[in-house]
Amino acid sequence: MALRLVSDFDLRKDVLPWLRAQRVASAAAGARGGGPGVLENNYESLRILNVERNGNVIYTYKDNKGNVFFGLYDCQTRQNEHLYTFEKDLHVVSCSVNSDRTLLAASLVHSTKEGRKNELQPGSKCLTLLVEIHPVNNVKVLKAVDSYIWVQFLYPHVESHPLPENHLLLVSEEKYIEKFHIQVIQEDGSRVVIKDSGHLPRERVAEDFVWAQWDMSEQRLYYIDLKKSRSILKCLQFSADEKFNLMFEAPLDITLSDSGFKLVNFGCDDLQDQENLSKHLTLCVFTNHTGSLCVCYSPKFDSWEKFTYSVFYFHKGHGKTFTAALGSVDSHVTKGLTFLNLDYYLAVYLPGHFFHLLNIQHPDLICHSLFLTGNSEVVDMLPHSPLQSLSGSLVLDWCSGKLYRALLNQSYLLQFLWNTQLDCEKMAVLHCVLSCGGDRRFLEAKIIQWISENISACHSFDLIQEFIIASSYWSMCPETSNMDKLLPYSSVLTWNTEIPGITLVTEEIALPFMKVHSFKGYWEKLNSNLEYVKYSKPHLHYNNSMVRREWHSLISEEKTGRRRSMVYVKNILDNATKVISNLEARNLEPRLTPLFQEADNHQRLLMGLMVSELKDHLLRHLQGVEKKKIEQMALDYVSKLLDLVCQIMETSWRKHSLHPCVPHFSGRASAAEFKVFHIMTRILEATKSLFLPLPPGFHTLHTILGVHCLPLHNLLHYIDSGVLLLTETAVTRLMKDLDNTEKNEKLKFSIIVRLPPLIGQKICRLWDHPMSSNIISRNHVKRLLQNYKKKPPSSVIHKSSFSVEFLPLNYFVEILTDIESSNQALYAFEGHDNVDAKFVEEAALKHTMMLLGL
């Protein structure tokens, strides 16, 4: 199952055994009504009423006489507590207990014989009562009206000591919300009573609303009022001192009726006919710690063929309306749509039809969200009874009396990754898995194993590229705010392929208007997201375009012998040294792959430049983070990129049981070496387009495997097209390892002529062969004649060391000798005192004789 529902509470397991034990104890003591006596056949009346901010669950049940009992399950101690008993046959609408468990607020109506509670009988009253329960004492009537009332105590964010004042929200079906201020005092030691219960101060919090939602964890109230037929979403934040502020107003492009009334998360909503959930609109607000603000909306269901729902990503400045195909016309929708909050994701679930896992952090591309239809078993994995998403990842199943914590099922998603055939699902699940956290090393190893087996099975994007970018992102972003806006999330920037079973329309939406000017915590992050949407276009995600230009510039300077400030280059190379040290510190096991065995200055320059550019990028855009920490973040990010490449290499090396030493050129390549060479080629393709650094020694190892595995014409094609990069280390080994057979001579010559001049000169000196001498001679002559100015001919013709009378050659050698003698220091061949006119003459004659077959 893509979702894992971890049970936090179960009425039948956590409460029923306690109730039975209490009944037995009461019967044994011969007590009547002294405890929560419940008849066995009346246990079905047991139901959840509310879940408070601290996780405590309030429940109710009736005895055979209809008396209403209230109980509380403490999620910390996992103990039950009997709170209060009403000795009347009443139906509980709502209930809440204060954080000190000294006050209980309850809203009740008369039960009807037909058992219907969705309408008040003529002349009946809804009683809202406030009860002192520490110990049980006075009962205060707060309201006695003909409309339903819901109650909710506010919970302070700091619960270190009992508070003298409690605050209670009363939500009326007549579309107003009041807040009562209730002071308590202690009498006779520990007895807690309401102070001045006849005059409880109250204030109007909201009115004329058509929808409201309570966020128990963050102590926020969201509600919608209609202004000129326009829906306006508002949010009240209740603070530690129980004051409240209107935080924002946001227009919503949805249709609501001013005659409607809907509450979310104000306790158990059993007043609504559960069988008709599919016919009612669904609306809820989700937030998370990154400063996201999503409004999920589904209008009344009016078609058996498709289902429409919208998600307004206010933190991104746009909304998306999705239309999901339901399959056959006969597949009736009997259950309501469920929205679930899963931190970086939200789930949209219609039992038996579809399951949509929406990426709320990066919702721009539909391929980053996972959509599964009724053809998949995952669609039926959740309970078919109505689910209610509470704060955070808590999910309540009212019907079964179970409280769950909904989590992404990492092991299932990994298995799904192996089985799915669609590119869009591979992309979405890859990001889902990485967002789960946990043992990242283990997780990355599992994904690399999958990539190794399916490297050519993905056509819409590069698997290695996406894995490197996504894994690096998820390793950094959860630790620091706003990093999600500065680091690349995906290698894919556009997605035009349709997702089977679903279509969408994206529209810009008006941003929330913040009503306060000082922000902390979540509100600071939300405001930062909104400011980013307003002012940061184009996007601020880092890319290596500057690094590419600077690196090419440095390499060009190196070739021409010019190099800018040595201090500048030293700083770049120092960055690279820190990256490699950082990388080695991450690696706890000895490496099998023969990397990091050479300096590889070009890759070190690329590493150092990336660290430098990324650090500057973060310094420009990260506010309030010290410079030293940003420097470390840049080092960690580049180290992570390289570490992922090394992990892919290590996995491939281990899988194919290759030796930890660099392979030899001699002998035939094994099937394992062919596969490793293929993986390395794919790694190179993935990193090349993004201009990412590779571990020092990668190109050498790749070239050695290429020479070993490829026929000569393929090898040269790979070299000419830039797939294989000839390094000095690789070519040096080739010259030493291979003998001078005709086949090897052809290979060596083909490679030498493709080398840059400076490296080519060094390599030629290692190859004792006429062909090498010929190349050395040509280079020597070219250097000598670059600035040659013709002089009057000498009357003396020097004899060659060979007794060959070939006047053109004799004359040419004489010119070379004169040039050498006139400026020997300037034209001396590097490290080779024996390369002179005589050497050129001998090489020329040998080459001529070879051509003539003499």
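A brief report on the enclosed structure follows. What you see is a predicted model, and the numbers here were worked out from it, not measured in a lab.

Some words on unusual backbone geometry
Argument step 1. Here the amide bond leading from His134 into Pro135 is cis, since omega sits at -5°, within 30 degrees of zero.
Argument step 2. Residue position: Pro135 is located in the loop between strand 7 (126–133) and strand 8 (136–145).
Argument step 3. Despite not being glycine, Asp208 shows a phi value in the positive range, around 55°.
Argument step 4. Tracing the backbone shows Asp208 in the loop between strand 13 (202–207) and strand 14 (209–215).
Argument step 5. Overall, Asp208 belongs to the exposed group, its relative accessible area being 59%.
Argument step 6. Of note, the phi angle at Asp600 is positive, near 50°, even though the residue is not glycine.
Argument step 7. Following the sequence through the fold, Asp600 ends up in the loop between helix 9 (566–586) and helix 10 (601–621).

Focus: the side chain of Ser471
Argument step 1. Relative to the elements of secondary structure, Ser471 occurs in helix 5 (residues 463–476).
Argument step 2. The class of Ser471 is buried, set by a relative accessible area of 0%.
Argument step 3. If near-sequence neighbours (up to four positions away) are discounted, Ser471 is found in contact with Leu434, Arg440, Glu444, Lys640 and Leu644.

Remarks on the pattern of salt bridges
Argument step 1. All told, the structure shown has 26 salt bridges when counted by the stated rule.
Argument step 2. The partner of Lys62 in a salt bridge is Asp89, and the shortest N-O contact between them spans 2.9 Å. On the criterion of sequence distance, the pair formed by Lys62 in strand 3 (residues 57–62) and Asp89 in strand 5 (residues 79–97) is long-range, its members being 27 residues apart.
Argument step 3. Each of Lys143, Glu178, Arg202, Arg204 and Glu207 takes part in salt bridges that share partners, so that together they form one network.

Points about the packing of aromatic side chains
Argument step 1. What the rule picks out here adds up to 27 aromatic pairs.
Argument step 2. Each ring, one from Tyr59 and one from Tyr61, has its centre 6.2 Å from the other, and the planes form 25°; the classification is stacked. Residue Tyr59 shares its accessibility class with Tyr61, and that shared class is buried.
Argument step 3. Geometrically, the ring pair formed by Trp551 and Phe691 is edge-to-face, given 5.5 Å between the ring centres and 75° between the ring planes. On the criterion of sequence distance, the pair formed by Trp551 in helix 8 (residues 545–560) and Phe691 in the loop between helix 12 (671–690) and helix 13 (698–709) is long-range, its members being 140 residues apart. Phe691 shares its class with Trp551; the two are buried.
Argument step 4. Above the plane of the ring of Tyr176 lies Arg204, whose end atom (NZ or CZ) is 4.3 Å from the centre.
Argument step 5. Above the face of the Tyr532 ring, Lys485 is positioned so that its terminal group lies 6.0 Å from the ring centre.

Quick look at the pairing of strand 28 (residues 394–397)
Argument step 1. Side chains Leu394 and Leu396 of strand 28 all project onto a buried face; the interleaved residues Val395 and Asp397 project onto the opposite face, where all are buried too.
Argument step 2. Inspection of the sheet shows strand 27 (residues 387–389) paired to strand 28 by three bridges, in the antiparallel sense. Opposite Ser389, over in strand 28, you have Val395 as the bridge partner.
Argument step 3. Between strand 27 and strand 28, which pair antiparallel and follow one another directly, the connecting turn spans four residues, one of which, Gly392, has a positive phi of 65°.
Argument step 4. Counting the residues between successive antiparallel strands, the hairpin from strand 28 to strand 29 (residues 402–408) contains four residues, one of them, Gly401, with a positive phi of roughly 70°.

Brief notes about the sheet that holds strand 28
Argument step 1. Here we have four strands laid out as an open sheet, ordered 1-29-28-27, and antiparallel in their pairing. Either end of the sheet is taken by a strand with one partner, and the two such strands are strand 1 (3–10) and strand 27. Shown here is a sheet whose adjacent strand axes are inclined to one another by a mean of 30°, direction ignored.
Argument step 2. The pairing of strand 28 with strand 29 spans four bridges and is antiparallel.

Considering helix 11 (residues 627–655)
Argument step 1. Between its first and last C-alpha, helix 11 extends 42 Å over 29 residues, near the 42 Å set by a 1.5 Å rise per residue.
Argument step 2. Of the residues flanking the end of helix 11, it is Ser657, one or two places downstream, whose phi is positive at about 55°.

Remarks on the environment of His110
Argument step 1. Topologically, His110 is positioned in strand 6 (residues 103–110).
Argument step 2. Sequence-wise, His110 and Cys126 are 16 residues apart; in three dimensions their C-alpha atoms are separated by 7.8 Å.

So, the nonpolar core
Argument step 1. Tyr309, Leu346, Phe354, Ile447 and Trp495 are the most contacted members of the largest nonpolar core, which totals 154 residues.
Argument step 2. With 57 residues, the next largest nonpolar core counts Phe9, Leu11, Ala105 and Phe153 among its residues.

Here's the deal with the side chain of Thr687
Argument step 1. Assignment of secondary structure puts Thr687 in helix 12.
Argument step 2. Thr687 has contacts with Ile468, Val645, Leu692 and Leu694, leaving out every residue within four places of it along the chain.

Details of the pairing of strand 20 (residues 293–298)
Argument step 1. With six of its six residues buried, strand 20 lies for the most part within the structure.
Argument step 2. Of the two faces of strand 20, the one holding Leu293, Val295 and Tyr297 and the one holding Cys294, Cys296 and Ser298 are both buried throughout.
Argument step 3. In terms of strand pairing, strand 19 (residues 282–287) meets strand 20 through six bridges, oriented antiparallel. Bridging from a neighbouring strand, Cys284 pairs with Cys296 of strand 20.

Procedures and definitions
- Residues numbered from 1 in each chain as written.
- Predicted model: local features only at pLDDT ≥ 70, side-chain atom pairs only at ≥ 80, totals over all residues.
- Heavy atoms only, no water.
- Helix = DSSP H or I, 4+ residues; strand = E, 2+ residues; numbered from the N terminus.
- Buried < 20%, exposed > 50% of the residue type's maximum accessible area, 1.4 Å probe, protein only.
- Contact = heavy atoms within 4.5 Å.
- Salt bridge = Lys/Arg side-chain N within 4 Å of Asp/Glu carboxyl O.
- Phe/Tyr/Trp six-rings, centres within 6.5 Å; stacked < 30°, edge-to-face > 60°.
- Lys NZ or Arg CZ within 6 Å of the ring centre and 35° of its normal.
- Pairing = 2+ DSSP bridges.
- Axes fitted to C-alpha atoms, helices over the stretch in contact; angles between N-to-C directions.
- Expected span 1.5 Å × (residues − 1).
- Core = buried A, V, L, I, M, F, W, Y, C linked by side-chain atoms within 4.5 Å.

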